[in-house]
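# Fold and contact review
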Amino acid sequence: MNSFDRATDVGVSVAPADGAALVDRVLGHRYHLFDLLGAGGMGAGYRARDLELDEVIAVKMLHASVGQSSAMLDRLRREVRLARRVTHPSVARVYELHDLEGVRFVTMELVAGESLSAVLSRMGPPEAAGVAHVGVQIAHALAAAHAVGVVHRDIKPDTVLIGVDGRIVVTDFGIAFSTDDMQADTSGAPAYMAPEQERGEVVTRAADL
């Protein structure tokens, strides 16, 4: 059997751009994709079961065209490398970067809940106590990242998850940098950038705050 299959005989070459069509496939005879969490221009996210460890996790898969970009692969490798440095309950854990016959995907912790942006859209601005609770947890996550030399650089409602258990989780280190290798770069969401980041200057930990 191929390494990307439905536990039958579906090969990598048929992997479609439509993320929903991959539901119920198995990656590498190990990761069973059973629910599409969301999709965009870069790829798609899935709820999956790790058949080896019998655990439910998240799988973030790049579209084939994106996965062939050396710049995007470098960014993905950096994201995994830096995210794995940070160990904190308010930071989503990232496990491994995989390459199965050119299909690139990342396995990571599944946080049951929704983004802060979705919560705000549905419920509107929270009261002061709610703002303080979320802000404190984000600050703890950033402190843990900064302590190991990681600057997130893209803190915004879309990169903060609100768990069904009330846990606040920072995710998506896609444009993070190490403080040992900071560069001038304007990647990120303009509405949430620090002024120095928007000007293309080298940023420090302060840009996250």
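For the structure given in this document, a descriptive report is provided here. (Residues numbered from 1 in each chain as written. Predicted model: local features only at pLDDT ≥ 70, side-chain atom pairs only at ≥ 80, totals over all residues. Heavy atoms only, no water.)

### Some details on the packing of aromatic side chains
Counted under the stated rule, the structure contains one aromatic pair. Between Tyr31 and Phe105 the ring centres are 5.9 Å apart and the planes differ by 75 degrees, which places this aromatic pair in the edge-to-face class. You can see Tyr31 sitting in strand S3 (residues 31-39) and its partner Phe105 sitting in strand S7 (residues 103-108), a full 74 residues away along the chain. Relative accessible area serves as the criterion here: at 7%, Tyr31 is assigned to the buried category. (Phe/Tyr/Trp six-rings, centres within 6.5 Å; stacked < 30°, edge-to-face > 60°. Helix = DSSP H or I, 4+ residues; strand = E, 2+ residues; numbered from the N terminus. Buried < 20%, exposed > 50% of the residue type's maximum accessible area, 1.4 Å probe, protein only.)

### Notes on the environment of Arg30
You can see Arg30 is positioned in the loop between strand S2 (26-27) and S3. When the C-alpha positions of Arg30 and Asp50 are compared, they lie 5.8 Å apart, and in sequence the two are 20 residues distant. Every residue in contact with Arg30, bar those within four places of it in the chain, is listed here: Arg49, Asp50, Leu51, Glu52 and Leu53. A distance of 3.5 Å separates the side chain of Arg30 from the side chain of Tyr31, its partner in a polar contact. (Contact = heavy atoms within 4.5 Å. Polar contact = N/O pair within 3.5 Å; in protein donor to acceptor, adjacent residues only side chain to side chain.)

### Structural notes on the sheet that holds strand S8 (residues 113-115)
Pairing in this open sheet of three strands is antiparallel, and the strands run S8-S10-S11 from one edge to the other. In the strand order of this sheet, the two ends are held by S8 and strand S11 (168-170), each with one partner. Pairwise comparison of adjacent strand axes, ignoring direction, gives a mean angle of 25 degrees for this sheet. Pairing of S8 with strand S10 (residues 160-163) involves three bridges; the strand directions are antiparallel. Within the sheet, the bridge partner assigned to Ser115 lies in S10 and is Leu161. The strands touched by helix H3 (residues 116-123) within the sheet are S8 and S10, with S8 carrying the most contacts at an inclination of about 85 degrees. (Pairing = 2+ DSSP bridges. Axes fitted to C-alpha atoms, helices over the stretch in contact; angles between N-to-C directions.)

### Focus: the nonpolar core
Grouped together as the largest cluster of nonpolar side chains are 29 residues, with contacts concentrated most on Val86, Ile138, Val150 and Phe173. Of all the elements in the fold, those that place two or more residues in this core are strand S5 (55-62), helix H2 (70-85), S7, H3, helix H4 (128-147), S10 and S11. In this view, Val150 contacts Leu82, Arg85, Val86, Ala145, Phe173, Ala176 and Phe177; residues no more than four positions away in its chain are not counted. By size, the runner-up hydrophobic cluster in this structure holds 13 residues, among which are Tyr31, Ala48, Ile57 and Met61. (Core = buried A, V, L, I, M, F, W, Y, C linked by side-chain atoms within 4.5 Å.)

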